[in-house]
Amino acid sequence: MTDSKRRIAIGLMLLLYCFVLYLAFDFAFTALTMGDPRRYRVFDYRYHHSLIANFDGYDYWGNNRYRLFTNSLGFKDSAVREIAKVSPNRRILLIGDSFTEGIGLPFEQTFAGKLYSAGQNRKEKIEFLNAGVASYSPSIYFKKIQALLSDGFHFDEVVVFSDLSDVTDEASSYFCIDDDPKYRAYCDPADVKPPASKKSFVSSHLKITDAIGDWIEKKVDPPKPPSPLDPFRTEWLYPNPSATRYQPLGVEGGIARSVQNLTALADLLKKKMIPLTIVVYPWPAQLARDDRDNRQIQIWSKFCQNHCKGFVNLFPVFLAERDKAPNWYDRLFVPGDFHYSETGNEIIFRAMQDRLLRNATTN
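Here the residue numbering is sequential within each chain, running from 1 through the sequence in written order. Local features are withheld for residues below a pLDDT of 70 in this predicted model, meaning they are given only at 70 or higher, and side-chain atom pairs are given and counted only at 80 or more; totals for whole chains, interfaces and linings count all residues. Derived side-chain values reflect all non-hydrogen atoms in the structure, with water molecules and hydrogen atoms excluded from consideration.

Caption draft 1: Looking closely at the side chain of His48. As for its placement among the helices and strands, His48 is situated in strand E2 (residues 48–51). Between N or O atoms, a polar contact is any pair within 3.5 Å; within protein, one atom must be a potential hydrogen donor and the other a potential acceptor, and residues adjacent in sequence are included only when both atoms are from side chains. For His48, the side chain forms a polar contact with the side chain of His49, separated by 2.8 Å. For the purposes of this entry, the term helix denotes a DSSP run of H or I that reaches at least four residues, the term strand denotes a run of E that reaches at least two, and both are numbered from the N terminus.

Here it is, written out as structure tokens:
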């Protein structure tokens, strides 16, 4: 081998060696600093999935990394702490899906975290517990609260934050936990696990490499700005919804199952003399199309006439915020996403604090 070929070979070997070292560093850095969804999103045979109890680590949503704590019940919280079955103070349970969990944000920036902080700062303390987890729907709301009450936990009020995606989920998922035989017949044994992460190996284990790849991709092919008009999961509110998204029950079947499970929840709470409140809120697509009234609002406002202490419609609140400035999407939502930013969560907190804090003694 000539000297020039030897130098090229040595250079290539050094380059390969440095690349392997870089990958090893990237892998170790990611493992030490990024959350792993499999560690804290777990299956629960009673209500399909939950967060693991007493977790202290990190979660990530897209490229956003944030600290995550759960308490002894597996609820997102301000710190790892033990939750007593009975509290000396008033206790309000919040439940919903990823909007209520506050995915993508640390607890203190979510409306649940803000309510918890405000409740603890009162002379007569109120404890807010956040039972919300990504991809929950009425089947799980009922089964989870039923399990908590069966375990002896006491609550003075339950607030359900009903999401647009609830009907989609009830039409297509969680049949294995349903008590009704006609829904249980659709049970697929493969469904007994939490929602799987769709991240690739690179995005899950090589965060630096993934960030570099994203940067290059955006330079070569700049992304289009996120469209708040995307009808994702809002289709059931309007004519001619997608047929495939709502299988096997269809839109009307998803609505019927949603109502049936929330009726079961309302009946359970009534026996325990626990008031129920239902809250609805808009996605960006609805704000963009000036949606002031729709099936979701109509269904749950009518439902609450007979089953609830209160019904809260947050559409007017967010439409008013939309009208304040043309950059409403950037203020209210996480960029490129349909979940609320900290500002959006602050708006929900302000809208709910009068009902849940200042009028706390009124049932």
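Let us keep going from here.
Caption draft 2: Seen up close, the state of the cysteines. Disulfide assignment relies on a single distance test, namely cysteine sulfur atoms paired within 2.5 Å. Taken as a whole and assessed by the stated rule, the structure comprises 2 disulfides. Each sulfur of the disulfide joining Cys304 and Cys308 lies 2.3 Å from the other. Classification of the bridge connecting Cys304 and Cys308 rests on its S-S torsion, roughly -60 degrees, and on that basis the disulfide is left-handed. Each member of the pair, Cys304 as well as Cys308, is classed as buried. Sequence-ordered numbering of the bonded cysteines in the protein chain gives a disulfide pattern of 1-2, 3-4. Relative accessibility decides the category of a residue: with a 1.4 Å probe and only protein chains considered, values under 20% of the type maximum give buried, values over 50% give exposed, and everything between is partly exposed.

Caption draft 3: Expanded view of the packing of aromatic side chains. The pairing test for Phe, Tyr and Trp rings, Trp by its six-membered ring, is centres within 6.5 Å, and the orientation test on the planes gives stacked under 30 degrees, edge-to-face over 60, and tilted for anything in between. Evaluation of the coordinates by the stated rule reveals 16 aromatic pairs. A ring pair is formed by Trp300 and Phe303, whose centres lie 5.3 Å apart and whose planes are at 80 degrees; its orientation type is edge-to-face. In this pair, Trp300 and Phe303 both sit in helix H12 (residues 295–307), 3 residues apart, roughly one turn of the helix. Its relative accessible area of 7% is what places Phe303 among the buried residues.

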